[in-house]
Amino acid sequence: MAKSTRSNLSILIVTIFFLVITSRLFYLQVIKGEQYQEISRKNFIREAIIPSPRGLILDRNGKQIAYSRPVVNLYVKNSNELKFNEIKNNLSNYLELDPSLKLKNEKSYAGIQRRLLKKDLSIDEIYLIEDLFKDVSNIELIVDYIRVYPYGESASHLTGHLTSNDKKDFMYGNLFSNRKGANGLEKFFDKTLTGNVGSKFLYVDSKGREIIGQEVEDGESKDIKKGNNIKTTIDIELQKIIYDQFVSFNGAVIVSDLKSGEILALVSKPGFDPNLFSQPISSKNWNKLKTDKSKPFLNRAFLVSSPPGSIIKIITAVAGLEEEVVSPSTEYYCPGYTKVGNRNFRCWLRGGHGMQDVKKALITSCDVYFYKVGLGLGIKKYSSWLKKFGIGNSHDYLPFKQKSGVVPDKNFIDKYLNGKFYSGDMVNVAIGQGYLTLNVVQANKIISIIANDGEFVPYKLFDSTDQSKSKKLKIKPKNLKVIKDGLLGVVNDSNGTGFHARDDLLLAGKTGTAQVISKDSANYGYGEYKNHGWFTSYYPFDDPKIAITVFAEHGDSGGRAGGPIIKKIVSYYKKNYGEKLDELN
């Protein structure tokens, strides 16, 4: 009886165990079968990336400023050191390969990873590979995309350049098309310009090596999608002409449409060749750029904040008239200097200009006249007017790092000058020297406000719904007329300082010279101590359409250095946009 009971118990235990195993197998194979089959399948499948091109950067006329060119690169796969060297030696009989190429770390190229043998093959090289090596399963031709900047240095600060991306492709490593924007428009619009990569799936064995000749037919492959294009307001041909006009000096230029705010040209020289960064840059090229004393990476349109010299007399004149320190008919005598305290402050013209009113003083750029206006205003009122014209404020809606410049207001004086600001400081600031600094884009805003009767339309470099609204600075019409007539005379009057830009008598503007060192210094006017030149202008006088500002680094004189550049810009504008001018006249 006991024996029978034990026998039945054993049968029961075995039965229960069998049922548990059966249930578990049913759960794993039937209920969870598809899930685990997929996991097992994926352990032997690897995704291969198919490169996609970045979007285009276009100018206002649809010309390509940056595009992605398809290239064919040669890779070796599934190779140990012996096989790698064998393939390399065979290919070397037909292709020019880097002799230093070797499999540095066999483990790092194990499995499905590739080793780049040669990039950007010519069409003849492609045909040769496909003809002579079509049966060699260890080599592979892959289409990639390399960034091309056809206008090179002239647009380098505008477009920016690319840099390596931390997201390396597991199979091909650093693809050219996987590089990301480092600065400029390439960085600002990186997500927009970057395309969606495609993919295919490959079978691999238990050691992660690709099973040659087999692709996963039912894999969820993705098609490539090209990045989106960006259209700018830049006229790239004008941009290049301006860049080439800087022959013996460096600097920056902005040309903007007064009605829309569109930037037609934004030049900084020297530039750099952004094509060098479309693939990993060589140490030689990088060190050459990095140690270049001319600082080719410095965007002089935004990051050079310099004393404005005499172009600031536009604001000094407006402030003096609006604050009724002077009237249009107020005259001061210029003997070539004025005495402030115990010191004589010289006019730029030895012997002086004689009797001057506001209009004449703008035309001749008489320092003595504006010394007196500045003293009459005082720094509190004057700094307020500087800010009204945008000095000290950045244009943060533009995709570039910027220096906002310096306005010597009360905060600045208290912080940096121990609250002391003397009459000698005031006369210097009133003619654009001393503590006051600004950049090219800010200087261009000054002339834009005058040309547009007090209104400034924010700059526009690309289509954007976030463009700021225009603002209008209240300036009495009679005062604006005096200023405008003076600026017209700067270029076209026989005594004007801007005669180098004279053409059809319709350009108005103001020249400026910014001292780098005191005139009393023995080094004044030489080499790195040579003055900076400024020239800010608008065209045409009777119906203003564009504003132009030139900064010539160590250009000595704004008129001599900037005048010919502005004349060239106006000539181009009339030729290419002249029909619009004719329609309005």
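This structure is a prediction, so every number in the text was calculated from the model and none was measured.

Participant: Explanation requested: the nonpolar core in the structure shown.
Facilitator: Soluble globular proteins: nonpolar side chains tend toward being buried together. In this structure, L266, I315, Y382, F389, I450, L461 and I483 are the most contacted members of the largest nonpolar core, which totals 90 residues. A per-element tally of this core places helix 12 (residues 367–388) first, with 10 residues. L461 has contacts with L158, L185, K231, T232, T233, I234, I263, L398, P399 and F400, leaving out every residue within four places of it along the chain.

Participant: I tried to follow empty space enclosed by the protein on my own but got confused; where do I start?
Facilitator: Empty pockets left among the atoms are what a rolling probe the size of a water molecule brings to light. Per the counting criterion, the structure on display carries four cavities of 30 Å³ or more. Space inside the largest cavity adds up to approximately 50 Å³. In this structure, the largest cavity is lined by S256, D257, L258, G261, S448, N452, E455, F456, V457 and Y459. Taken together, the elements giving at least two residues each to the lining of the largest cavity come down to strand 11 (250–257) and strand 17 (455–456). Partitioned by chemical class, the residues of the lining of the largest cavity number four nonpolar, four polar and two charged.

Participant: So what exactly am I meant to see when it comes to the packing of aromatic side chains here?
Facilitator: Inspection of the entire model under this criterion finds 21 aromatic pairs. Relative to F133, the ring of Y94 has its centre 5.7 Å away and its plane inclined at 80°; by these criteria the two rings are edge-to-face. Of this pair, Y94 sits in the loop between helix 3 (81–92) and strand 4 (114–118) while F133 sits in the loop between helix 4 (123–132) and strand 5 (139–148); the two residues are 39 residues apart in sequence, bridging distant segments of the chain. Accessibility expressed as a relative area gives 46% for Y94, which makes it partly exposed. Centre to centre, the rings of F277 and W286 are 6.4 Å apart; their planes meet at 85°, and the pair counts as edge-to-face. Residue classification places F277 among the buried residues on the basis of a relative accessible area of 5%. Residue classification places W286 among the partly exposed residues on the basis of a relative accessible area of 33%. Through a chain of ring-to-ring contacts, the aromatic side chains of F272, F277, W286 and F297 assemble into a single cluster. Taking NZ or CZ as reference, K269 lies 5.1 Å from the ring centre of Y243, over its face. Positioned over the ring face of Y332 is K372, at 5.8 Å from the centre of the ring.

Participant: I would appreciate a short explanation of the sheet that holds strand 19 (residues 508–514) in the present structure.
Facilitator: In sheet architecture, strand pairing relies on hydrogen bonds along the backbone and comes in two forms, parallel and antiparallel. Ordered in space as 12-11-21-20-19, the five strands form an open sheet in which the pairing is antiparallel. On the outer flanks of this sheet lie strand 12 (263–269) and strand 19, each paired with one strand and no other. Strand-to-strand, the axes of this sheet are offset by a mean angle of 5°, without reference to chain direction. Across eight bridges, the pairing between strand 11 and strand 21 (residues 546–553) is antiparallel. Looking across to strand 21, one finds that V253 is bridged to V550. Relative to the sheet, helix 16 (residues 477–492) contacts strand 19 and strand 20 (532–539), its axis offset from that of strand 19 by approximately 70°.

Participant: Hey, could you run me through helix 10 (residues 313–322) in this one?
Facilitator: Residue pairs spaced three or four apart in an α-helix point in one direction, given the helix's 3.6 residues per turn. Here helix 10 lies mainly inside the structure; 10 of its 10 residues are buried. Along helix 10, the residues classified as buried are K313, I314, I315, T316, A317, V318, A319, G320, L321 and E322. Where helix 10 ends, the next residue or the one after it, E324, has phi of about 60°, a positive value.

Participant: What exactly am I supposed to notice about the environment of T316 here?
Facilitator: With respect to the helices and strands, T316 occurs in helix 10. Distance in space between the C-alpha atoms of T316 and G374 is 6.8 Å, their sequence separation being 58 residues. Contact partners of T316, with chain neighbours within four places excluded, come to F370, V373, G374, L377, Y382 and A430.

Participant: Explain the pairing of strand 15 (residues 343–346) to me, please; I cannot follow it from the model alone.
Facilitator: If a strand is regular, its side chains alternate between the two faces of the sheet. Direction of pairing for strand 14 (residues 337–340) relative to strand 15: antiparallel, over a ladder of four bridges. Within strand 15, the position partnered with K339 by the bridge is N344. Joining the antiparallel neighbours strand 14 and strand 15 is a turn of two residues, in which G341 adopts a positive phi near 65°.

Participant: What am I meant to see in the side chain of N439 here?
Facilitator: Within the element layout of this structure, N439 appears in the loop between helix 14 (423–430) and helix 15 (440–451). Here the side chain of N439 touches F302 through a polar contact of 3.4 Å, landing on its backbone oxygen. From its side chain, N439 meets the backbone nitrogen of V441 in a polar contact 3.2 Å long. Residues in contact with N439, not counting those within four places in the same chain, are A301, F302, V304, S305, K403 and W534.

Cut-offs and rules
Residues numbered from 1 in each chain as written. Predicted model: local features only at pLDDT ≥ 70, side-chain atom pairs only at ≥ 80, totals over all residues. Heavy atoms only, no water. Core = buried A, V, L, I, M, F, W, Y, C linked by side-chain atoms within 4.5 Å. Buried < 20%, exposed > 50% of the residue type's maximum accessible area, 1.4 Å probe, protein only. Helix = DSSP H or I, 4+ residues; strand = E, 2+ residues; numbered from the N terminus. Contact = heavy atoms within 4.5 Å. 1 Å grid on protein atoms, 1.4 Å probe; cavity = no way out; pocket = protein on both sides within 12 Å on 5 of 7 lines; lining within 4 Å. Points joined across faces, edges and corners; volume = space filled by probe spheres on them. Nonpolar A, V, L, I, M, F, W, Y, C, P; charged D, E, K, R; others polar. Phe/Tyr/Trp six-rings, centres within 6.5 Å; stacked < 30°, edge-to-face > 60°. Lys NZ or Arg CZ within 6 Å of the ring centre and 35° of its normal. Pairing = 2+ DSSP bridges. Axes fitted to C-alpha atoms, helices over the stretch in contact; angles between N-to-C directions. Polar contact = N/O pair within 3.5 Å; in protein donor to acceptor, adjacent residues only side chain to side chain.

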